[in-house]
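As a plain string of letters, each chain reads:
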Amino acid sequence: MINESAELVYDLSAGEPGFVAEIKAMGGEALLDCIQCGKCAAVCPMALAGFPIFNKKLIQAIFLGAREILLEDSSIWACQSCNRCTEICPRDVRPFEIILAMRRVAVREFAVPALSIEGLKSLYDVGHAVYLKDSGQTRQKVGLPEKPPTVLASPEALKEIKAILHQTDLWEIGLIPMDGNEMADASEV
Ligand code: SF4
Ligand code: SF4
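Residues numbered from 1 in each chain as written. Chains lettered and ligands numbered in written order. Predicted model: local features only at pLDDT ≥ 70, side-chain atom pairs only at ≥ 80, totals over all residues.

Labelled according to an unreviewed UniProt entry, the chain appears under the name CoB--CoM heterodisulfide reductase subunit C, originating from Desulfotruncus arcticus DSM 17038.

Draft legend 1. Layout of the overall build of the chain. Summing up its helical and strand segments, the chain has twelve helices and zero strands in all. Listing each helix as α and each strand as β along the chain from the N terminus yields α-α-α-α-α-α-α-α-α-α-α-α. For the chain, the proportion of its 189 residues judged to be buried stands at 24%. For the chain, the proportion of contacts with a sequence separation of at least 24, taken over those separated by at least 6, is 63%. (Helix = DSSP H or I, 4+ residues; strand = E, 2+ residues; numbered from the N terminus. Buried ≥ 20, exposed ≤ 12 C-beta atoms within 10 Å, placed from the backbone. Contact = placed C-beta atoms within 7 Å.)

Draft legend 2. Up close: the nonpolar core. Grouped together as the largest cluster of nonpolar side chains are 30 residues, with contacts concentrated most on Leu58, Ile98 and Met102. Put simply, the parts of the chain that give this core at least two residues each are helix 1 (19–25), helix 2 (39–42), helix 3 (45–49), helix 4 (55–63), helix 5 (67–72) and helix 7 (95–108). In terms of residue count, helix 7 provides more of this core than any other element does, seven residues in total. Residues within four places of Met102 in sequence aside, it is in contact with Ile23, Leu58, Leu70 and Ile76. (Core = buried A, V, L, I, M, F, W, Y, C linked by C-beta atoms within 7 Å.)

Draft legend 3. Broad picture of the site of ligand 1. The local shell around ligand 1 holds 14 residues, among which Cys34, Cys37, Cys40, Cys89 and Val93 are the closest. Mapped by element, the contributors of at least two residues to the shell around ligand 1 are helix 2 and helix 4. Considering only residue class, the shell around ligand 1 consists of eight nonpolar, three polar and three charged. (Near = placed C-beta within 6 Å. Nonpolar A, V, L, I, M, F, W, Y, C, P; charged D, E, K, R; others polar.)

Draft legend 4. The arrangement of the packing of helix 4 against helix 7 in detail. For the pair helix 4 and helix 7, interaxial distance at closest approach is 10 Å and the crossing angle is 60 degrees. If you check the angle between helix 4 and helix 7, you find them oblique. Where helix 4 crosses over helix 7, the two elements pack in a sense that is left-handed. Seen from helix 4, the contacting residues are Asn55, Leu58 and Ile59; seen from helix 7, they are Pro95, Ile98, Ile99 and Met102. (Axes fitted to C-alpha atoms, helices over the stretch in contact; angles between N-to-C directions. Parallel < 35°, antiparallel > 145°, perpendicular 65-115°, else oblique. Left-handed = near helix turned anticlockwise from the far one by under 90°.)

Draft legend 5. Expanded view of the confidence of the model for the chain. On average, residues of the chain score 86 in pLDDT, and 88% of them are at 70 or above. In the model of the chain, helix 12 (residues 180–188) stands out as the element of lowest mean pLDDT, 49, in contrast to helix 2, which has the highest, 98. Below a pLDDT of 50 lies the segment residues 1–5, which in the model reaches nine contacts outside its immediate sequence neighbourhood of four places, other chains included. (pLDDT = per-residue confidence, 0-100.)

Draft legend 6. Quick peek at the site of ligand 2. Surveying the vicinity of ligand 2 reveals 15 residues, the closest of which are Cys44, Asn55, Cys79, Cys82 and Cys85. Of all elements in the fold, only helix 3, helix 6 (84–88) and helix 7 reach the threshold of two or more residues within the shell around ligand 2. Per-element accounting of the shell around ligand 2 gives the leading share, three residues, to helix 7. In the shell around ligand 2, the residues fall into ten nonpolar, four polar and one charged.

So this is what it looks like as structure tokens:
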């Protein structure tokens with residue numbers, strides 16, 4: 001359904017007719033209000049960084065039923081959650097919510113890039129989406145406490161994060177490791 005060149009080429013005969021409804025059900029309720037004006041793309045860091053399927057193009061691909069292409073492309077995982085697109089959209093489409101809806105579809109299909117799985121594991125283990133290896137020493141060198149005043153310094157907050165993750169589909173499909181004791185801890189929160 002996609003060629004190897006820089007340009008995306010859609011085969012409309014291979015489009016999935018129920019895809020728009022699926023995205024709307026996953027949280028992209030305002031999808032059909034998009035008029036493809038491109039304002040969201042003009043402010044998007046993903047587009048600036050060269051990812052092929054940024055907000056506007058994602059919505060266009062959903063309109064075309066290009067579910068397979070979107071599941072094979074990792075652009076949605078590069079979204080910075082900056083919400084610039086939400087602020088500038090003249091139709092209140094909330095493109096960031098469309099990104100999140102597509103991520104939910106991808107998670108259900110196990111179409112999650114390895115880098116994102118690492119981020120989820122890190123979020124589960126330490127409460128941040130990236131491991132902060134050796135950051136304590138660096139902080140101490142500049143006179144800061146070894147741990148920042150975030151979840152890293154709060155075992156209770158980490159328990160809450162684990163409890164939240166336990167309620168997600170990620171936990172149910174086994175993407176987040178959790179043994180029996182940790183599960184019991186999380187359920188106490
Ligand atoms: S989501 Fe909003 S800003 Fe982006 S193309 Fe559609 S109408 Fe324009
Ligand atoms: S929230 Fe994501 S899609 Fe929207 S402008 Fe920021 S990076 Fe782009």
